Amino acid sequence: MVVQQEDVAAAATATATQHPYYPRTASIPGFVANQWPMAQLMAVFVCAAGAIVVAAYRVAAVRCSRRYYILNRTSIAGQQTVLAQLWKEYALSDSRYLTSDVFTVCVETITLVWGPLCWLTVGAVLGRSPARHGLQLVVCTAHLHSVALYYATNWAEHRATGRCYSRPEFLYYWVYYVGFNMPWVVVPSVLFCDSFAHMSRAFAALDGTKPRSKVQ
């Protein structure tokens, strides 16, 4: 009886660790290893990213990828489509994307709302609408808030429980996890400061044209 229990425990451990993601005990049902090697996936990614020159195209591509994730999050681990393999490759830096983690699903679902708002902001900027800086501030704040929560929840859980969702290799942690998400910190920060400066100058000019009340 004891031998059978040990066999069952060993089988469960082997099943839990047959994937390359961290933590090693993470349960990823139906996981199938990528057919394409990492170099080939990266070549596809680089070519696709290089082709996306216009910011609007970038927004559309990211939105499409995230929509794919939301609709297929429970089955990506066993799929071999190009998008699925790219998500599985990125998940080496954050396995929450393959375990239907509640926070990750929620934050990725919310980002779908930012797609139309980004398009509206692009239109306002191109049309030099008076609302362009207000919209840009809202969009930048949304992206900064999302990426802050993305990093903070991972960091806080690691501090509290010791659980790590990223493999420790330089490629997966510093390039994928940190590097790939940095544009969502740097670009919104620059645009936020730009819009804040424009609105501050506008209100300063407006306040300067108002008649000052005389002190009796």
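Note that the structure is a prediction, hence the values are computed from the model and not measured. (Residues numbered from 1 in each chain as written. Predicted model: local features only at pLDDT ≥ 70, side-chain atom pairs only at ≥ 80, totals over all residues. Heavy atoms only, no water.)

Quick word on the overall build of the protein
Step number 1: Helices and strands together make up the secondary structure of the protein, namely 8 helices and 0 strands.
Step number 2: Traced from its N-terminal end to its C-terminal end, the protein shows the element sequence α-α-α-α-α-α-α-α.
Step number 3: Looking at the 216 residues of the protein, the share that counts as buried comes to 32%.
Step number 4: Within the protein, contacts between residues at least 6 apart in sequence are counted, and of these 70% link residues at least 24 apart. (Helix = DSSP H or I, 4+ residues; strand = E, 2+ residues; numbered from the N terminus. Buried < 20%, exposed > 50% of the residue type's maximum accessible area, 1.4 Å probe, protein only. Contact = heavy atoms within 4.5 Å.)

Details of the nonpolar core
A general tendency of soluble globular proteins is for nonpolar side chains to be buried together.
Step number 1: Core analysis: the biggest nonpolar cluster contains 24 residues, and Tyr21, Tyr69, Ile76, Trp87 and Tyr97 have the highest contact counts within it.
Step number 2: Put simply, the parts of the chain that give this core at least two residues each are helix 3 (55-72), helix 4 (82-90), helix 6 (132-161) and helix 7 (170-179).
Step number 3: In terms of residue count, the dominant contributor to this core is helix 7 (4 residues).
Step number 4: What Tyr69 contacts, discounting residues up to four positions off in sequence, is Ile76, Trp87, Arg96, Tyr97, Thr104, Val105 and Glu108.
Step number 5: Residues Trp114, Cys118, Ala124 and Leu135 belong to the second largest nonpolar core, which totals 7 residues. (Core = buried A, V, L, I, M, F, W, Y, C linked by side-chain atoms within 4.5 Å.)

Some thoughts on the pattern of salt bridges
Step number 1: In the structure shown here, the tally under the stated rule is 4 salt bridges.
Step number 2: Of the charged contacts, one joins Asp94 and Arg96 as a salt bridge, the two residues approaching to 2.9 Å between their closest N and O atoms.
Step number 3: Assessed through its relative accessible area of 1%, Arg96 is described here as buried.
Step number 4: For Arg163, the salt bridge goes to Glu157, with nearest N and O atoms at 2.7 Å. (Salt bridge = Lys/Arg side-chain N within 4 Å of Asp/Glu carboxyl O.)

Considering the UniProt feature "transmembrane region" (unreviewed entry) in the protein
Step number 1: Within this structure's numbering, the places UniProt gives as "transmembrane region" (unreviewed entry) are residues 38-57 and 173-193.
Step number 2: Strand forms 0% of residues 173-193 and helix 86%; the C-alpha atoms that close the span are 28 Å apart. (UniProt positions renumbered as here; feature names shortened; annotations may be inferred.)

Notes on a nonpolar patch on the surface
Step number 1: A contiguous nonpolar surface patch, about 390 Å² in accessible area, is contributed by Met182, Val186, Val187, Val190 and Leu191.
Step number 2: Mapped onto the elements, Val186 comes out in helix 8 (residues 183-209).
Step number 3: Residue classification places Val186 among the partly exposed positions, given a relative accessible area of 45%. (Patch = residues over 30% accessible without salt bridge, like charges linked within 9 Å, V, L, I, M, F, W, Y side chains within 5 Å. Areas by Shrake-Rupley, 256 points an atom, 1.4 Å probe, with all protein chains shown as cover.)

Regarding the side chain of Lys88
Step number 1: Structurally, Lys88 can be placed in helix 4.
Step number 2: Within the buried core, Lys88 has no salt-bridge partner, and the shortest N-O distance to an opposite charge, that of Glu89, equals 9.4 Å.
Step number 3: Apart from residues lying up to four places away in sequence, Lys88 is in contact with Tyr21, Phe31, Val32, Ala33, Asn34, Ile76, Ala77, Gln79, Gln80 and Leu98. (Lys, Arg positive; Asp, Glu negative; His and termini not counted.)

With respect to helix 7
Step number 1: Residues of helix 7 that are buried: Tyr172, Tyr176, Tyr177 and Val178. An end-on view of helix 7 places all buried positions within 165 degrees of arc, on one side of the element. (Arc of directions from axis to C-beta.)

Quick look at unusual backbone geometry
Step number 1: That bond from Tyr22 to Pro23 is cis: its omega, -5 degrees, falls within 30 degrees of zero.
Step number 2: As for its position among the elements, Pro23 is in the loop between helix 1 (2-16) and helix 2 (38-51).
Step number 3: In the Ramachandran plot, Ser100 falls in the positive-phi region, its phi being about 55 degrees despite a non-glycine side chain.
Step number 4: With respect to the helices, strands and loops of the structure, Ser100 is situated in the loop between helix 4 and helix 5 (102-126).
Step number 5: Look at Ser100 and you get partly exposed, because its relative accessible area is 30%.
Step number 6: You will see that Arg128, though not glycine, has its phi angle at about 50 degrees, which is positive.
Step number 7: Among the structural elements, Arg128 can be located in the loop between helix 5 and helix 6.
Step number 8: Among the residues examined, Arg128 registers a relative accessible area of 60% and is labelled exposed.

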